[in-house]
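Chain residues, written in single-letter form:
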Amino acid sequence: MALYWKVRLISTVIHRYTRHNNFPTGDIMTTDHIKMLCDISELNSLFEESSIDNCLQKTVDMVAEHMNADVCSIYIYDENSGDLVLKATRGLDPQSVNRITMKLGEGLVGTALKELRIIREDRGNSNPLFKFYPGTNEELYEAFLAVPIVRGRYRIGVLVIQRKRGNPFVEQDIMAMKATASQLATLLEHIKLLLSTQQVPSPEPGITDQGLYRFLKGKSASKGIALAPAVVKKDIKHDILFRRKTFEEIFTLEQFETALKNTEIQLEDMQRRVEEKLADAASLIFASHLLMLKDQGFVGAMRDMIRIGENPPSAIVAIFLKYKGLFSESPNLLIREKVQDIEDLTKRIMNNLLQQVPEEAVYRDRIIIARDLFPSELLMLSIEGIIGVILVSGGVTSHVGILARSLKVPLVFIDEPDLLGLPENIMVLLDAEQGNVYISPAEEIVARFREQEKTRTALNERQTMIKGPALTKDGSQVRVMLNINLLSDMQQVSIDDIDGVGLYRTEFPFMIRNSFPSEEEQYFIYKKLVDQMNGKPVTFRTLDIGGDKVLSYYDVPREENPFLGMRSIRFSLQHEDLFKQQIRAILRAGAGSNLKIMFPMISSLDEFLQSRAILDVCLEELRREGAEYNAEPLVGMMVEIPSVVPIIEDLADEADFFSIGTNDLIQYTIAVDRTNEKVAAMYIPHHPAILRSLEKIARAGIAAGIEVSICGDMANQERYIPFLLGIGITYLSVDAMYIPRVKKTLLEIDIKEARARAQKMLAGRTIMEIETLLDSAAEEIKLPG
Ligand code: PEP
Ligand code: MG
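The structure presented is a predicted model; accordingly, all values stated were derived computationally and were not measured. (Residues numbered from 1 in each chain as written. Chains lettered and ligands numbered in written order. Predicted model: local features only at pLDDT ≥ 70, side-chain atom pairs only at ≥ 80, totals over all residues. Heavy atoms only, no water.)

## Some remarks on the nonpolar core
If you look at the biggest cluster of nonpolar residues, it comprises 123 residues, and the most contacted ones within it are Leu529, Phe658, Leu694 and Leu732. For this core, the element with the most residues is helix α20 (residues 576-589), which contributes seven residues. Residue contacts for Phe658: discarding those within four places in its chain leaves Met637, Val639, Ile648, Leu651, Ala652, Ile697, Gly701, Ile706, Glu707, Val708 and Ser709. Counting 29 residues, the second largest nonpolar core, distinct from the first, contains Cys55, Ala143, Leu145 and Leu184. (Core = buried A, V, L, I, M, F, W, Y, C linked by side-chain atoms within 4.5 Å. Buried < 20%, exposed > 50% of the residue type's maximum accessible area, 1.4 Å probe, protein only. Helix = DSSP H or I, 4+ residues; strand = E, 2+ residues; numbered from the N terminus. Contact = heavy atoms within 4.5 Å.)

Encoded structure:
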């Protein structure tokens, strides 16, 4: 659907442009062709509800009508048999479907796919390669156009149209068919996979005879592929353990003590594993569990009940329920936030007592299906060895997706609560590259995925890092910095290949925990980062929570529009104690280092000055305490709220640097929610308002002599990098995975040319005009990818 809107928008712009400017329509697609793309993009949604045959038939009907063709056919390639099979046709004899087959390289259709080229013939049937199939009525149609359908290097099939004599296909038709074929590639790939499952007779997408799903489409939040038995994670509320008040088997006090001892050993072991995996969470994520395990009020009360004759499991439940009630009703946030910890701890003690399989053993090497997860839960599960996650509600915690990327756990969101009813250990193939889920996948599908995995690994290995400083074609230096969410992200690059950390999203260590980290805990985490950097700059962004970055332990009052609500710097200014703790931890950790601190979501000079004043108070406090700290950090701000653009010169006079958060700048400038898939196509970074805002911000920063960097996603998109350099940006901050490509892209760019191109783009009045300029720049510069 997203593409639908994009194409619709482009269509409107083309329409206007051709009316006012006599644009030579012969060079571009006609509006009817564009309408066709719109309709085809809608087929994706049809596919979710309809049968494969229906969907294929609808496709050929649509293409035939829009292309004014007498025949349209789709051939799908089966690499196992090596056959191209006619799967749908409009115009040829319907009986030919599934009957006409050819080998790769056989006939015009087989040749188009073998050689991966478009074949156009005015008189197709006189080409020596043409293969005639009697009974199809094909002899009636002379004009022939075959376009291979591929995804990456993977052959999917061929789309063919034919017309009667005297009505040949022209250049414009080829362009439209090329666009159509690429538009259809994903849909047909799914269909192809499903067809292969049907060879081992299997049902249509949706529910099978046994009431099980076969294939579901969702939205990928963290890429990767996993094949494993699935485990449905029940909400703790539904945990039968806590509803059972009586237990048939009688246990002794000794057994209870052994259960406590085993729980302690397990917790210490988990703590060690967390430390190995994520230093951010290392500072005693299980501290409160271990403390409660020794607490007389909690464990002691259970012991007392057992001593006067209560059966241990009943004592555990009784004390748990008492504490849970007390904690959840407490007006103190710090106490309320402990509820999750006591639930977790009690469950562990109980499992050990009843000799039930501990959860971590249940989750190891499994794909987890859950309604929703808090980031801290995802962290625990990843420590426990899960290899993939399916969440049936996108919900407020969708930042769990960003965390999953840092943890390298494939994650797909699917709005299908019925998945929570799947039987335990059913085999699932999670294709988080595409956002697809296959339940009990057929052998063929599994084999295909294994093959794809091999290709992907080979491609990744080829993505080599350019060593040393990042240079442009003309030898100018650009600073390529790293964006990190968790310290573990640092493991993906060598410090020698980056110019520092341009954005550390410090909210992530807050999100993966069960409670607010103290100043000491934060200091410990931040120091670990600073120590690794060999004196290269580290840019700490202060807490940017709210919106979809929620803390499991903090009860945010409900807001109608959380993205416009009490979030980010507003939250920090409202909770000055937490804000100061964080700033103090950063200043202390940054002692002797190249330290930069920036405030997120600044919307006015007042807010910046207020934040800076609090930082000054922290500096003064630390000075008086005689602490070791960084007395001269650079203090900058994120430029991501449109209200600062008109007053940017004033901010440039006050801030030590700017870091442009294009993700939010775009969202708030064009009023398009960055997390809403339905409006994704309207989220257009090259909107003239965005380009001109970026230029204005860069100009103000350069005039004031301060650094201006881009740390939003625009910095990692090859097609925008020439523009960014062209307006004077020399700092790009991107996720580790993009660094090799960004460095490669820079080598193709000449700064002088980029400046001239940027000027043209800034003069562009419509999105479409700018898009054309971006496309031609990408082609001329030969950007990688
Ligand atoms: C941005 O808004 O561009 C940015 C980098 O910050 P975040 O994605 O964390 O909001
Ligand atoms: Mg932002």
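So, next bit.
## A few points about the packing of helix α24 (residues 688-704) against helix α27 (residues 751-763)
Where α24 meets α27, the closest approach of the two axes is 9 Å, and the angle between their N-to-C directions is 130 degrees. Judged on the interaxial angle alone, α27 and α24 are oblique. Note that α24 runs across α27; the crossing there is left-handed. When α24 is examined against α27, the residues Leu691, Arg692 and Glu695 are found in contact with a partner set consisting of Met761, Leu762 and Ala763. Across the contact of α24 with α27, the residue classes break down as four nonpolar, no polar and two charged. (Axes fitted to C-alpha atoms, helices over the stretch in contact; angles between N-to-C directions. Parallel < 35°, antiparallel > 145°, perpendicular 65-115°, else oblique. Left-handed = near helix turned anticlockwise from the far one by under 90°. Nonpolar A, V, L, I, M, F, W, Y, C, P; charged D, E, K, R; others polar.)

## Section: the pairing of strand β13 (residues 427-431)
Taken across its five residues, β13 has four buried, putting it largely inside the fold. Bridge count for strand β9 (residues 225-232) against β13 is five bridges, and the pairing is antiparallel. Its bridge partner being in β13, Ala226 is matched across the sheet by Leu430. Hairpin remark: β13 followed by strand β14 (residues 436-439), antiparallel, with four residues in the connecting loop; positive phi at Gly435, about 85 degrees. (Pairing = 2+ DSSP bridges.)

## Comments concerning the site of ligand 1
As a matter of local geometry, ligand 1 sits amid 14 residues, with Arg505, Arg541, Gly661, Asn663 and Arg674 nearest to it. Within the backbone of Thr662, an N or O atom sits 3.1 Å from an oxygen atom of ligand 1. Here Asp664 contributes a side-chain N or O atom positioned 2.9 Å from an oxygen atom of ligand 1. Among the cavities detected, the one that contains ligand 1 is the largest cavity. Among the elements of the structure, β17 (501-505) and α23 (662-669) are those that each provide at least two residues to the shell around ligand 1. When residues of the shell around ligand 1 are assigned to their parent elements, the largest contribution, three residues, is made by α23. When grouped by side-chain class, the residues that make up the shell around ligand 1 number three nonpolar, four polar and seven charged. (Near = heavy atom within 4 Å. Polar contact = N/O pair within 3.5 Å; in protein donor to acceptor, adjacent residues only side chain to side chain. 1 Å grid on protein atoms, 1.4 Å probe; cavity = no way out; pocket = protein on both sides within 12 Å on 5 of 7 lines; lining within 4 Å. Sits in = over half its atoms within 2 Å of the grid points.)

## Examining the coordination of the magnesium ion (ligand 2)
Those donors, Glu640 (OE) and Asp664 (OD), are the protein atoms that reach the magnesium ion (ligand 2), and they lie 2.0 to 2.2 Å from it. Of the two residues, Glu640 sits in the loop between β20 (634-639) and α22 (648-654) while Asp664 sits in helix α23, which places them 24 residues apart along the sequence. A residue is classified by how much of its surface remains accessible, and Glu640, at 1% relative accessible area, is buried. (Donors = N, O, S within 2.8 Å, 3.2 Å for Na, K, Ca; no water.)

## Examining the side chain of Glu621
The topology assignment puts Glu621 in helix α21 (residues 605-625). Residues in contact with Glu621, not counting those within four places in the same chain, are Lys580 and Arg584.

## Description of the pairing of β14
Residue alternation in β14 divides its side chains into two sets, Asn436 and Tyr438 and Val437 and Ile439, and both sets are buried. Pairing analysis gives three bridges linking strand β7 (residues 215-217) to β14, with the strands arranged antiparallel. Looking at the pairing, Leu216 lines up with Val437 of β14. Taken together, the four bridges between β13 and β14 define a ladder with antiparallel strand orientation. When the bridges of β14 are listed, Asp431 appears paired with Asn436.

## Here we look at the environment of Phe608
For Phe608, the location among the structural elements is in helix α21. Judged by relative accessible area, Phe608 falls into the buried class, the value being 0%. When the C-alpha atoms of Phe608 and Glu654 are compared, they prove to be 8.4 Å apart, with 46 residues separating the residues in sequence.

## Regarding empty space enclosed by the protein
Summed over the entire model, instances satisfying the criterion amount to seven cavities of 30 Å³ or more. Along the walls of the largest cavity sit 16 residues, with Arg505, Arg541, Asn663, Asp664 and Arg674 positioned nearest its centre. Looking at which element gives the most residues to the lining of the largest cavity, the answer is α23, with three residues. Taken together, the residues that form the lining of the largest cavity break down as four nonpolar, five polar and seven charged. (Points joined across faces, edges and corners; volume = space filled by probe spheres on them.)

## Notes on the sheet that holds β9
Strands sit in the order β7-β14-β13-β9-β10-β11-β12-β8 across an open sheet of eight strands; the sheet is mixed. Strands with a single pairing partner mark the edges of an open sheet, and in this sheet they are β7 and β8 (219-222). Averaged over all adjacent pairs, the angle separating strand axes in this sheet is 25 degrees, with direction ignored. The strands that helix α15 (residues 400-407) touches are β8, β11 (388-391) and β12 (411-413); relative to β8, the one it contacts most, it runs at about 55 degrees.

## A few points about the packing of helix α9 (residues 296-307) against helix α10 (residues 312-329)
Between α9 and α10, whose axes approach to 9 Å, the crossing angle comes to 140 degrees. The angle between the axes of α9 and α10 places the two elements in the oblique class. As α9 packs across α10, the resulting crossing turns out to be right-handed. On the side of α9, the interface is formed by Gly297, Phe298, Ala301, Met302, Met305 and Ile306, while α10 contributes Pro312, Ala315, Ile316, Ala318, Ile319, Phe320 and Tyr323. Looking at the contact of α9 with α10, its residues break down into twelve nonpolar, one polar and no charged.

## Examining the confidence of the model for the protein
Of the residues in the protein, 81% have a pLDDT of 70 or more, and the chain-wide mean is 82. Below pLDDT 50 for its whole length, residues 1-29 participates in 47 contacts with residues either more than four positions away or in separate chains. Residue range residues 197-211 is modelled with pLDDT below 50. Its contacts to residues more than four positions away, or to other chains, number 28 contacts. (pLDDT = per-residue confidence, 0-100.)

## Observations concerning the pattern of salt bridges
Following the criterion strictly, the structure yields 34 salt bridges and no others. For Glu695, the salt bridge is made with Arg699, and the minimal N-O distance between the two is 2.9 Å. Of the two residues, Glu695 and Arg699 both sit in helix α24, four residues apart, roughly one turn of that helix. A relative accessible area of 18% places Glu695 in the buried class. The class of Arg699 is partly exposed, set by a relative accessible area of 48%. It is possible to trace a salt-bridge network through shared partners that takes in Glu519, Glu520, Lys580, Arg584, Arg588, Glu621 and Glu625. (Salt bridge = Lys/Arg side-chain N within 4 Å of Asp/Glu carboxyl O.)

## Digging into the environment of Gly764
Here Gly764 lies in the loop between α27 and α28 (767-781). Residues Gly764 and Pro688, 76 residues apart in the sequence, show an inter-C-alpha distance of 6.7 Å. With near-sequence residues (within four places) excluded, Gly764 lies in contact with Pro688, Arg692, Glu769 and Ile770.

## Here we look at the packing of aromatic side chains
Any aromatic ring pair is given by two values, namely how distant the centres are and how the planes are angled relative to each other. Within this structure, the stated rule accounts for seven aromatic pairs. Judged by centre distance (5.2 Å) and plane angle (75 degrees), the ring pair of Phe298 and Tyr323 falls under edge-to-face. Pair noted here: Phe298 is in helix α9 and Tyr323 is in helix α10, with a separation of 25 residues, a long-range link. Judged by relative accessible area, which is 0%, Phe298 ranks as buried. Judged by relative accessible area, Tyr323 falls into the buried class, the value being 13%. Members of the aromatic cluster, joined through ring pairs, are Tyr504, Tyr526 and Phe540. (Phe/Tyr/Trp six-rings, centres within 6.5 Å; stacked < 30°, edge-to-face > 60°.)

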